[in-house]
Structures are given as C-alpha cells and as structure tokens.
Amino acid sequence: MDIKERLKTGLFYLDGAFGSELQRRGLKPGELPETWNITHKEDVTDIQRAYYEAGSNAVCANTFGANSMKFDGKNGNYSLREIVEAAMDCVKTARDTAKGSLVQEDRYVGIDIGPLGKLLKPLGDMEFETAVSLFKETISIAAECGADYIMVETMNDIFESKAAVIAAKECSDIPVFACNVFDESGKTMTGSSPEVTATVLSGLKVNALGANCSLGPDKMLEVVPALYENSDVPVIFMPNAGLPVTKEGVTCYDIDEDTFAKYAVNAVEQGAGILGGCCGTTPEHIKKMVLATKDLKPLPVKDTLKSKITSGSVAVSFGERPVLIGERINPTGKKKLKEALRNSDMSYILNEAVGEEDAGADVLDVNVGLPEIDEKEMLVRVTKEIQAVSTLPLQLDTSDPSAMEAALRIYNGKAMINSANGKEEVMNSVFPLAAKYGGLVVCLTLDENGIPETAIGRYEIACRMVKKAAEFGISKNDLIFDPLAMAVSADANAARTTLDTIKLIKEKLGCLTSLGVSNVSFGLPERPVITSIFFTMAMEDGLDAAIMNPFSEPMMTAHKSFLALSGKDTNCMGYIEYANALPEKTASVTVTKEVPGTAAMSDNGGSPLYSAIVRGLSTKAAEETKVLLKDGIDTMAIVNDHIIPALNEVGSGFEKKTVYLPQLLMSADAAKAAFAEVSAVMPENTVKGPKVIMATVKGDIHDIGKNIVVALLKNYGFDVIDLGKDVDPKTVTDTIEKFDVHLVGLSALMTTTVPAMADTIKAVRALNRDVKVCVGGAVLTKEYAEMIGADKYGANAMETVRYAEEVLLGKKS
Ligand code: B12
C-alpha cells in the first residue's frame, strides 16, 4: 500500500534508536556511524531487521549525518553516493529478510535526514540556500534508491527543518515526515513552540510531523496536544528512553520497555498517530510499544486548521479578535522611508519595525516596492533583517511574484501573503506559492473588470477565489479577504459597500476579512478621526484584521475600546492598561521615531544605547554610542553603565527563557558594534610595553568581555597577543614560549568551560617558567580562581590593567 494511504488506516510504527545500538556493537567515539553502512553492513542490517521484527512499519537507512560536508569522496574519504547507496541497500535487505509474528505486511524504507551541524543565518554562518542544496544532494540519491519516505528529524531550529522540507519537495515527490526537538521549556532551542512548529510544517505540507529525541517520553507528552491541535497530518511521538545515566561506566537510559510502552499509550490518547523511539530505545522498546498500542485507534487527523500565521517564535491567530497589521513599512506617501530604501538604510527600517511592535502591532506589513530599486533583493534583505530584531510575524507585501517567492523562501515561519486578487493570472501565480511555502493569502475582491461597485459583486469574486484556491489545495482558512476600502469623499456609499461586503463574506462564505482602513478618509481633514470610526464600524461588522498605523492614538483607542465593549477584554484589563499608559505611550512612540540625539536615560531604566543592545539593533547601538561619546561620556562608563547592563538583562532573560538564542546573538552583535565605536576613540598607545597574552578558553566562544580587557590593556601601552576565543591550552603555552611572555589573561563565561581554564593553568604551570595567570569572566569568583591555581582574579578590565602594571612594570597598585 502507498505509504500516504497506509497513514490513513491507523497507528503507524517507526524504528527506535540507531546510534546507541551501533555503540553497543562497537562503534568508537569519533567514528562516523554512516561509514558502518560499508564497513559493517551486517551489523547495520541486523539492527534494522530487529526493528521490522519488533513491529515497525517503517525503518530508516543509517544516514542521519550523511551529507557532502562529511562525505566528500576526497583523500580516501567515502563519497556521499557510496554512503547513501550502501545505507539504502542495508535497510532494503532488512525489510526483505525480516521474519516473525510481529512483522508487518507493508514495510517501508526511509531516508534519515538529521541537522547539518551548523546553524543557519542569522544564528550561524550557513546560508539557507546552502542548507537546501546540501539536503537535496542526499535526498536525490535516496530517491533514486527507492526511499518510501523522508524522515527529517532531531531539528533544533524550524528554519533548518524548512530548508530540509523544501529540498525534499524540490527534488522528489516522496512523502516527508518532520520532527523537531523540544527542550524543558517545551520549545525548540530557537524558541519555537509546538503551536508554531506545527503551523509552519503543516503550511509546508509535510505528511507527518512531531517531536523526537528531546527528553524522556513523560516530558514529551506535554507537547503532543499542541502539536495535534495545529496539525492536519498525523503527529509523530518519538522520545528517548528517558535520560542517560552511567551505570558501572556504561551509559544507559532510565525508562524501561514497559514504562516506555505505557507512555506510548498516553501519547496516542492525546493525539499521536505515529510512534517510534529515539536515543536509548531498542527493538525491545519498540516491540513492547507495538504490543501495548496495536488495538488503539488514533484520534482523527484534523481536516481544517484554525487560521494562523507565525514568525519563528510567535503565532498569531485570526478570528478571535481583530489583528493589527502595522502599515508603516510601505513607501507609499512616506518620503523618509523612500529615502531609506534608496540608501539601503536598514537602521531606519528596523526602527520602524520595533517601534510598531512596541506600539502594539501584532503583524508587520513589509512593502519595499520602489521603481528605482531591485524589489526582490530588497524584500529578501528587509525580511531577514526585521526577523532578526522582531518576533512579530510579517505580511509580505508585493505584486511581483518573483519577489514574493524569494521572500517566502527565506521567511522563518508562516507568513501573510499580500496579495492575490480575482484575476486568473494573479491567482495562477500567487496560489502556487501559498501551496508550496504555506501562508495566509490576502485576497483583494477585484478582478479583470476592476472593483465591483456592489457588495454582492465583490462577494462573488471572493467565492470564485475560494474555489480556485481549493484547486491548489489551499483551504479557505488560509485565505483572508480584503473587500477594499474606497474614499468616502469621492463616493458617499463607499464605506457602506465595504462594510456590507465584510458581512457577506463573513456570514455566507465563513471566511476571514482584512482591510487597509485608511483609504476611506482620503481627501478629508482630520483623517485619523474618521478612519478610526470606520475601523470601529468594520470591527462591529466582523472585520478580522486591519492594516493600520499603530502610532495613531485614535486607531489604537478604537481597537482597545472595541475589545472592551464587545466582551473580548475580560474585566477591561487591556483597556485599563492601555488607558493608564496613554501619556507615556505617546512619549515613547515619539522617542522611537525621532533620530537619536540624546543620551538621556529614558524612563524604562535604560538609555537609548541600552535599549538598542537589548533589542539587538547593531546600527542603532553604534549610532547611540557615538552620541554618548560626543556628549563627552567616558569610554569605560559607556561599557560599564550601558553595554554590560544591557547584556546582563538579555542574559537573565535567556536564563528565564523569555529570550532565545537568536535574540541573544543579535544583542551580542549590537554590543560588539557599540564597543567597536568605543575602542575606535581609545587613544592608540604607540609605546610598546611588555607582552600580555589574552584568550577565551577552550569550548567558550564568549569574547566581548575579553575584547574589552584587550582594548584597555592596549590603551595602557601593553603589547597584547590576542589569541581569540575557544583557545586550547597548547596554543597558550606555545605562544608563551615563542614570545617569552610573563602574563596570561584567561576568560571563561560558562560553568562548563571553567574546567578548561583550570586545564590551561595547569599546562602553563607545567612549563615551569615565570608566568603569572590572571583570570576573569562572569561565572568566576575570587575563591574559585584561587582554587584552580590562578595568580589573580580580575572582576573587570581595569583590574587586569592594574595587575599587569604590578607584575610587569613593578608598579604598586
Ligand atoms: C552575549 C552572550 C552570548 C553571545 C556571545 C557573543 C560573543 N562574541 O561574546 C552568544 C549569543 C554567541 C552566546 C552563546 C552562548 N551562550 Co551566552 N551569553 C551572553 C551574555 C548575554 C553576555 C556575556 C557578555 O558578553 N557580557 C558582557 C561582558 C563585558 O562581560 P564579561 O564577559 O563578564 O567581561 C567582564 C568581566 O567579567 C571581566 N573579564 C572578562 N574576561 C576577563 C578576563 C580577564 C583576564 C580578566 C581579568 C577579566 C575579565 O572584564 C569584562 C569587562 O568588565 C551572557 C549573560 C551574562 N549576563 O553574562 C550569556 C551566558 C554567558 N551565555 C550562556 C550560555 C548557556 C550560552 C550558550 C551555551 C547558549 C546555547 N544554548 O547555545 C552559548 C555558548 C556557546 C559557547 N560554546 O561558548 C550562559 C552561561 C551559563 C553558565 N553559567 O554556564 C549565560 C550566563 C546566560 C544565562 N544566564 O544563561 N552567548
């Protein structure tokens, strides 16, 4: 039976762990497991056969890490083709030779696709398209070898999952299963909740989605309901056998087969339809799981999903209360934005984005269309940059299908697509994009004959669009209709017609509506006043979303008041909070809009530089640093009173799980940009004093603090040899010997890397030379520094300078 058909017939079983099984059979640390497809064919096939014999419907080839970065076919290394072909051979042999009472009649072979081991931009260095190409190489070979499904698994970042799914779709028509890893916080490492993950992957039309690896089955159960609620495909439940524990020097896992099977039963009750096991599970776990669940019926897979869009970390639902779509990033009628686009002034655009977010927008419209710029390139760039600083989902707004496709491709999440309309040509170019990448399509009620004058005429276009979208497999919940607001100054019935269309579309078609509300007041005085009343009327008629100016007080007041008056704001809490903050709110909006020119501390406890770092705005951070310097603020005061406190705030947010790695990275970049301005004005000391080595220890890549120490030492005339970050002890000792250095400064920021600092000190001592070691970094204390044998603990950069003066120049501190 075709695997897609088989998925509809009931529970489906995958395999269990592979790596831990290979280790049991002698795979050595550091050895690439995929090479065993060639060197230990029998072992690999045996393990896979055991899974089929335990009752697995589908087993994966041993290709988790098979990509051309690892297998390049050069210098005696295997080629990717050799590895994948051998892997597929093993699993097919296992499929064909499995015997026993539990062996399933229909058995499938999969290709296993794990993460590439490198983070995608902006988190890491890898381009999204590079990841897509790498995945394609592996998948195309597996497709040639007859894989029945593609198992994308153990992904920590849904953006990488997206790259793998797109690769799969573009080079084969094999069904795709996609699993992510969720940690204790119930989210992926990059901050995607199960709701966001399932919404994005359902939009990408995978054939099954779920969770694997992560923690034990007990913890993983917590994410199953949200995955089920937001998926229109079966949910995969593939946990580890608990957590690893060491018993007499051997690593084992703490959940036994029977307990594992009980959790599988719970998982099915909560919505899982596909079961398997990850690290530490064995054929015995799978067998017990199959026996315990084989008579269960999975919950029905949802045929329609609620209308939602997402960024990488935030989901916005439509239909519950009117969603606010910020309109500020659209050059129409905006001189400054046009200028910013012409000059590629990202700082201006990003300021608008975070300003709109602060002002209460739920979604940001992004339109960068100007005749004199390359819209495709700019839309991609602006989308990437905004996604790096704002967590809000975006509405990609362009009439150029190639620009739309390019932006949808690199968009992290499920976007709003603005827009399609009833013209055949437009539907034929926009709907395929929504079908491929997922998205909520804004559908304008106009067609080849223009905008109908009557509500019924616009409604009829909407009906045609629903039908046409269905031909592309797009559900009506992924459409949102814009019945077009026209200027009431030109046509007295304009507003009424639009409002009537909203009602018709809502009541008769059961679809969502959205409106660019401000057009209605075109040509009239005091536009915000009349626009906000129209907005209120439209909300009363059922409007689900508005493209509006979140900096407009009348518009925001209309929204908050409507929510309170229509019973969508329990105890009027939202209204009260809004009203109480009104004067301050207006003030803060002014601050975000104004060109930075003041170093004054704002009310929220941080200076503009502080907020720029917290928000991860590099260009702004650099600008604000220049302002502070121009105001005569001392360089070290900028570091100590602005840069470090901002990083501390982000760090504590990270600890509390309110800030995720992407934001941490952006803030680190912003801090570096600020510090670059500071160090540029620190006077160059031309006198070359004694040499000092500085390094962040092995395994630690935090170097902002170390760089500050380096800059200050240089400033005081020391000849600093900066070895950088992630430095192993040998590099330090070699450098000491090579340059006859008498002082080494070591930095470590994590509890896990402090032992590397101890190792480095040991290695320095083993040289038996006259070398002092000074250590620092946020996790260290004076006591700990003494314990690991350091000569000095420096709490800040200045203490390092004083110590260097003491030991190298004989100055008394
Ligand atoms: C920025 C940052 C990052 C950036 C680093 C960018 C870079 N190029 O440095 C990025 C995003 C890459 C990052 C990654 C990670 N980070 Co981080 N990060 C931070 C953060 C927010 C700020 C660190 C910082 O730069 N502070 C400002 C500088 C100026 O302070 P400082 O380094 O302490 O330096 C001063 C003094 O200590 C002293 N000093 C420093 N070095 C030296 C050396 C000598 C010789 C002397 C005398 C003095 C001295 O002088 C400096 C100036 O006054 C901290 C939280 C925090 N508040 O510390 C977390 C933090 C350090 N990170 C943390 C973690 C867990 C990680 C990751 C593992 C996250 C992940 N899941 O991937 C990775 C680790 C990667 C790795 N292998 O190293 C944890 C560590 C927890 C722990 N106790 O072990 C922290 C504490 C956050 C948290 N609360 O959870 N991180």
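Since the model is a prediction, treat every value here as computed from it, not as a measurement.

Caption draft 1: Geometry of the overall build of the protein. Within the protein, the regular secondary structure consists of 32 helices and 25 strands. In terms of C-alpha radius of gyration, the protein reaches 30 Å, essentially the compact-globule figure of 28 Å for 813 residues. For the protein, the residues scored as buried account for 54% of the 813 residues in total. Carbon and sulfur atoms make up 52% of the accessible area of the protein, which amounts to about 34100 Å² in all. Averaged over its 84 positive side-chain charges, the protein has a centre that lies 1 Å from the centre of its 112 negative ones.

Caption draft 2: Up close: the packing of helix 25 (residues 618-630) against helix 27 (residues 661-681). Contact geometry of helix 25 with helix 27 gives a least axis separation of 7 Å together with a crossing angle of 35 degrees. The way helix 25 lies across helix 27 gives a crossing that is right-handed. Residues Ser618, Ala621, Ala622, Thr625, Lys626 and Leu629 of helix 25 pack against Asp669, Ala670, Ala673, Ala674, Glu677, Val678 and Val681 of helix 27.

Caption draft 3: Seen up close, the packing of aromatic side chains. What the rule picks out here adds up to 5 aromatic pairs. Three or more aromatic residues joined by ring pairs make a cluster, and in this case those are Phe12, Tyr108, Tyr149 and Phe177.

Caption draft 4: Molecular detail of the sheet that holds strand 17 (residues 440-444). Judged by pairing direction, the barrel is parallel, and its 8 strands sit side by side in the order 13-14-15-16-17-18-19-20 before closing back on the first. Sheet twist, expressed as the average angle between the axes of neighbouring strands with direction ignored, equals 30 degrees. With 2 bridges connecting them, strand 18 (residues 479-482) and strand 19 (residues 512-516) associate as parallel partners. The residue bridging Ile480 from the neighbouring strand is Leu512, located in strand 19.

Caption draft 5: Local environment of the nonpolar core. Membership of the largest hydrophobic core comes to 142 residues, with the highest contact counts inside it found for Phe135, Ile386, Phe431 and Phe481. For Phe135, the contacting residues outside a window of four places in its chain are Ile113, Gly114, Leu116, Met155, Glu160, Ala163, Ala164 and Ala167. Of all hydrophobic cores here, the second largest spans 35 residues; its members include Met694, Ile704, Ile708 and Leu743.

Caption draft 6: Molecular detail of the environment of Val627. Topologically, Val627 is positioned in helix 25. According to the relative accessible area criterion, Val627 is buried, its value standing at 14%. Taking the C-alpha atoms as reference points, Val627 and Asp700, 73 residues apart in sequence, are found 32 Å from one another.

Caption draft 7: Focus on the site of the ligand. Around the ligand, the structure places 37 residues, and the nearest of them are Ile701, His702, Asp703, Ser747 and Thr751. A distance of 3.2 Å is found between a nitrogen atom of the ligand and a backbone nitrogen or oxygen belonging to Gly651. Between the ligand and Ser747, the relevant distance is 2.8 Å, taken from a nitrogen atom to a side-chain nitrogen or oxygen of the residue. Counting only elements with at least two residues in the shell around the ligand, the list comes to helix 26 (635-655), helix 27, helix 28 (704-715), strand 23 (743-747), strand 24 (772-776) and helix 32 (797-809). Tallying contributions element by element places helix 26 first for the shell around the ligand, with 6 residues. For the shell around the ligand, the class distribution of residues is 20 nonpolar, 13 polar and 4 charged.

Caption draft 8: Local environment of unusual backbone geometry. The omega angle of the peptide bond from Lys121 to Pro122 is 5 degrees, so this bond is cis rather than trans. Considering the arrangement of structural elements, one finds Pro122 in the loop between strand 3 (108-113) and helix 6 (128-144). With an omega of 20 degrees, the peptide bond running from Asn418 to Ser419 counts as cis. Relative to the helices and strands, Ser419 resides in strand 16 (residues 416-421). Even without a glycine there, the phi angle at Leu484 is positive, about 65 degrees. Tracing the backbone shows Leu484 in the loop between strand 18 and helix 19 (494-509). A positive phi angle is found at Cys572, which is not glycine, with a value near 55 degrees. Relative to the helices and strands, Cys572 is located in the loop between helix 21 (553-565) and helix 22 (573-580). Classification of Cys572 as partly exposed rests on a relative accessible area of 32%.

Caption draft 9: Representation of the sheet that holds strand 22 (residues 719-722) within the structure. Pairing in this open sheet of 5 strands is parallel, and the strands run 22-21-23-24-25 from one edge to the other. Looking along the sheet, the strands with just one partner apiece sit at the ends: strand 22 and strand 25 (792-793). Of the pairings in the sheet, the one linking strand 21 (residues 691-696) to strand 23 comprises 4 bridges and is parallel in character. Within strand 23, the position partnered with Thr696 by the bridge is Ser747. Against the sheet, helix 28 touches strand 21, strand 22 and strand 23, its axis set at about 170 degrees to strand 21. Along the sheet, helix 30 (residues 754-766) makes contact with strand 23 and strand 24, crossing strand 24 at roughly 170 degrees.

Caption draft 10: Structural context of the side chain of Gln48. Within the secondary structure layout, Gln48 lies in helix 4 (residues 41-54). Discounting residues that sit within four places of it in the chain, Gln48 has contacts with Phe18, Val59, Cys60, Ala61, Asn62, Cys90, Val91 and Ala94.

Caption draft 11: Spatial organisation of the pattern of salt bridges. Taken as a whole, this structure holds 43 salt bridges when the rule is applied. A salt bridge links Glu85 to Arg81; its shortest N-O distance comes to 2.8 Å. With Glu85 and Arg81 both in helix 5 (residues 80-97) and 4 residues apart, this pair spans about one turn of that helix. Its relative accessible area of 35% is what places Arg81 among the partly exposed residues. Put simply, Asp719 and Lys691 hold a salt bridge, and the shortest N to O gap is 3.2 Å. Here Asp719, found in strand 22, pairs with Lys691, found in strand 21; they are 28 residues apart in sequence, far enough to count as distant.

Caption draft 12: Highlighting the environment of Asn62. With respect to the secondary-structure elements, Asn62 resides in the loop between strand 2 (58-60) and helix 5. With relative accessibility at 6%, the residue Asn62 sits in the buried group. Measuring from C-alpha to C-alpha, the distance between Asn62 and Pro452 comes to 59 Å, with 390 residues separating the pair along the chain. If near-sequence neighbours (up to four positions away) are discounted, Asn62 is found in contact with Phe18, Leu22, Pro33, Glu34, Asn37, Val44, Gln48 and Ala87.

Caption draft 13: Fine view of the pairing of strand 16. Within strand 16, 6 of the 6 residues are buried, leaving the element largely enclosed by the surrounding structure. Sheet topology note: the strand 15 (residues 394-397)/strand 16 ladder contains 3 bridges and is parallel. The partner of Asp397 across the bridge, within strand 16, is Asn418. The pairing of strand 16 with strand 17 spans 5 bridges and is parallel. Bridging across to strand 17, Ala420 finds its partner in Cys443. In terms of handedness, the path from strand 16 via helix 17 (residues 424-437) over to strand 17 forms a crossover that is right-handed.

Caption draft 14: Here's a closer look at a nonpolar patch on the surface. On the surface, Val529, Ile533 and Met537 cluster together into a nonpolar patch covering about 260 Å² of accessible area. Looking at the secondary structure, you find Met537 in helix 20 (residues 527-540). Residue classification places Met537 among the partly exposed residues on the basis of a relative accessible area of 39%.

Caption draft 15: Helix 5, seen in detail. Counted at 1.5 Å a residue, the expected span for helix 5 with its 18 residues is 26 Å, and the 26 Å between its end C-alpha atoms agrees. Turning to helix 5, its buried residues number three or more, namely Leu80, Ile83, Val84, Ala86, Ala87, Met88, Cys90, Val91, Ala94 and Arg95. On the buried face of helix 5, the contacting elements are helix 3 (36-39), helix 4, strand 2, strand 3 and helix 6.

Caption draft 16: Here's a closer look at the state of the cysteines. Considering all chains together, one arrives at 0 disulfides under this definition. The closest cysteine sulfur to the non-disulfide-bonded Cys60 is located on Cys179, 9.8 Å from its own sulfur.

Conventions and cut-offs
- Residues numbered from 1 in each chain as written.
- Predicted model: local features only at pLDDT ≥ 70, side-chain atom pairs only at ≥ 80, totals over all residues.
- Heavy atoms only, no water.
- Helix = DSSP H or I, 4+ residues; strand = E, 2+ residues; numbered from the N terminus.
- Rg over C-alpha atoms; globule rule 2.2 N^0.38 Å.
- Buried < 20%, exposed > 50% of the residue type's maximum accessible area, 1.4 Å probe, protein only.
- Areas by Shrake-Rupley, 256 points an atom, 1.4 Å probe, with all protein chains shown as cover.
- Lys, Arg positive; Asp, Glu negative; His and termini not counted.
- Charge placed at Lys NZ, Arg CZ, Asp CG, Glu CD.
- Axes fitted to C-alpha atoms, helices over the stretch in contact; angles between N-to-C directions.
- Left-handed = near helix turned anticlockwise from the far one by under 90°.
- Contact = heavy atoms within 4.5 Å.
- Phe/Tyr/Trp six-rings, centres within 6.5 Å; stacked < 30°, edge-to-face > 60°.
- Pairing = 2+ DSSP bridges.
- Core = buried A, V, L, I, M, F, W, Y, C linked by side-chain atoms within 4.5 Å.
- Near = heavy atom within 4 Å.
- Polar contact = N/O pair within 3.5 Å; in protein donor to acceptor, adjacent residues only side chain to side chain.
- Nonpolar A, V, L, I, M, F, W, Y, C, P; charged D, E, K, R; others polar.
- Salt bridge = Lys/Arg side-chain N within 4 Å of Asp/Glu carboxyl O.
- Right-handed = clockwise from strand over helix to strand, strands pointing away.
- Patch = residues over 30% accessible without salt bridge, like charges linked within 9 Å, V, L, I, M, F, W, Y side chains within 5 Å.
- Expected span 1.5 Å × (residues − 1).
- Disulfide = S-S within 2.5 Å.

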